[in-house]
Amino acid sequence: MTKIKKDELITRMVKFLREIGLEVLLEQHRSDSFLPGLCLKKGALSIDPDKLNYPGDILHEAGHLATMPSSIRRSMDGNLPDSDLHRSGEMMAIAWSYAACLHLGIPVDVVFHEDGYKGGAASIKTAFEQGSYIGLPMLQYHEMAYDNKNAILLNAEPFPVMHNWLCPKVGD
């Protein structure tokens with residue numbers, strides 16, 4: 001596997017996120033955020049490339065935005081509150097970012113890096129490689145991706161193919 005440069009990863013990811021309809025801001029951050037170089041800003045993903053430690057975190061944070069209905073997405077700002085909505089969003093963001101890596105041809109180690117997921121990145125990566133997709137039931141509920149059974153019924157490709165990169169629901 002060839003190592004992809006940080007700037008190239010950021011460029012590819014930002015281009016993809018903008019193409020699917022997410023707002024991405026490249027700007028300097030004056031204060032610290034939950035993840036260095038990234039923050040949610042009124043429904044947009046703000047990236048400070050100079051402070052960003054792990055480019056894969058871009059896809060994970062974008063997954064938080066992408067998997068929420070548009071009415072909720074627009075209000076996402078700063079740190080997300082600890083709520084059922086955002087806990088399920090965490091699982092969807094994990095699955096979404098995995099699918100995005102595969103779609104972009106980026107090694108999944110970029111998202112599931114050794115310092116991510118409170119030391120659990122390797123376990124999550126292994127689960128996905130074995131077809132145990134954390135977050136897929138919620139992606140399916142939001143009509144974004146389908147498990148094998150439903151993909152057959154819908155004559156669609158199963159996850160990790162995404163049928164909607166943005167949650168098509170307006171609000172719940």
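Residues numbered from 1 in each chain as written. Predicted model: local features only at pLDDT ≥ 70, side-chain atom pairs only at ≥ 80, totals over all residues. Heavy atoms only, no water.

### Details of the pattern of salt bridges
To be explicit about the condition: Counted as salt bridges are all cases of a side-chain nitrogen of Lys or Arg within 4 Å of a carboxyl oxygen of Asp or Glu. Helix and strand definitions follow DSSP, with helices as H or I runs of at least four residues and strands as E runs of at least two, each counted in order from the N terminus. Classification of residues uses two cut-offs on accessible area relative to the type maximum, computed with a 1.4 Å probe and protein chains only: under 20% is buried, over 50% is exposed, and between them is partly exposed.
This model, assessed by the stated rule, comprises five salt bridges. For Glu19, the salt bridge identified is with Lys15, shortest N-O distance 2.8 Å. A residue pair is termed a helical-turn pair when its members lie 3 or 4 positions apart in one helix, as Glu19 and Lys15 do in helix α1 (residues 6–19) at four residues. Residue classification places Glu19 among the exposed residues on the basis of a relative accessible area of 56%. Classification of Lys15 by relative accessible area gives exposed; the value is 52%.

### Quick word on the sheet that holds strand β1 (residues 24–26)
Rule in force here: A strand pair is defined by DSSP finding two or more bridges across the two strands. Axes here refer to lines fitted to C-alpha atoms; in helices the fit is confined to the stretch in contact. Angles between the N-to-C directions go from 0 to 180 degrees.
Read across the sheet, three strands follow the order β1-β3-β2 without closing on themselves; strand pairing throughout is mixed. Lying at the two open borders of the sheet, with one neighbouring strand each, are β1 and β2 (38–41). The average angle at which neighbouring strand axes cross in this sheet is 25°, direction not considered. Across four bridges, the pairing between β2 and strand β3 (residues 44–47) is antiparallel.

### Considerations on the packing of aromatic side chains
In plain terms, the rule: Any two of the Phe, Tyr and Trp rings considered here, Trp counted by its six-membered ring, make a pair once their centres fall within 6.5 Å; the pair's planes then place it as stacked at under 30 degrees, edge-to-face at over 60, or tilted in between. Here, a charge over a ring means that NZ of Lys or CZ of Arg falls within 6 Å of the ring centre while also lying within 35 degrees of the ring normal.
Inspection of the entire model under this criterion finds eleven aromatic pairs. Here the aromatic rings of Trp96 and Trp165 are separated by 5.4 Å at their centres, their planes lie at 85°, and the arrangement is edge-to-face. Here Trp96 is found in helix α4 (residues 84–104), whereas its partner Trp165 is found in the segment after α7 (148–153), with 69 residues between them in sequence. Trp165 matches Trp96 in its accessibility class, with the two residues each being buried. Judged by centre distance (4.6 Å) and plane angle (40°), the ring pair of Tyr98 and Phe128 falls under tilted. Here Phe128 lies in helix α5 (residues 121–129) and Tyr98 lies in helix α4, a separation of 30 residues in the sequence. On the basis of relative accessibility, which here comes to 7%, the residue Tyr98 falls in the buried class. Its relative accessible area of 1% is what places Phe128 among the buried residues. Site record: aromatic cluster; members linked through ring pairs are Tyr98, Phe112, Tyr117, Phe128, Tyr133 and Phe159. Over the aromatic face of Tyr141 sits the side chain of Lys169, whose NZ or CZ is 3.7 Å from the ring centroid.

### Let's talk about α1
Operational definition: To estimate the expected span of a helix, subtract one from its residue number and multiply by 1.5 Å. Here the arc refers to the set of directions running from the helix axis out to each C-beta atom.
For α1, which comprises 14 residues, the first-to-last C-alpha distance of 20 Å matches the rise-based estimate of 20 Å (1.5 Å per residue) to within 8%. Taken together, the buried positions of α1 are occupied by Leu9, Ile10, Met13, Val14, Phe16 and Leu17. Down the axis of α1, the smallest arc covering the buried residues is 165°, so these residues share one side. Those residues of α1 that are exposed and aimed more than 90 degrees away from the buried face are Asp7, Thr11, Lys15 and Glu19. Two residues or fewer past α1, Gly21 is found with a positive phi of approximately 105°.

### Side note on the pairing of β2
Residue alternation in β2 divides its side chains into a buried set, Leu38 and Leu40, and an unburied set, Cys39 and Lys41. Here β2 folds back onto β3 in antiparallel fashion, the turn holding two residues, of which Lys42 has a positive phi close to 50°.

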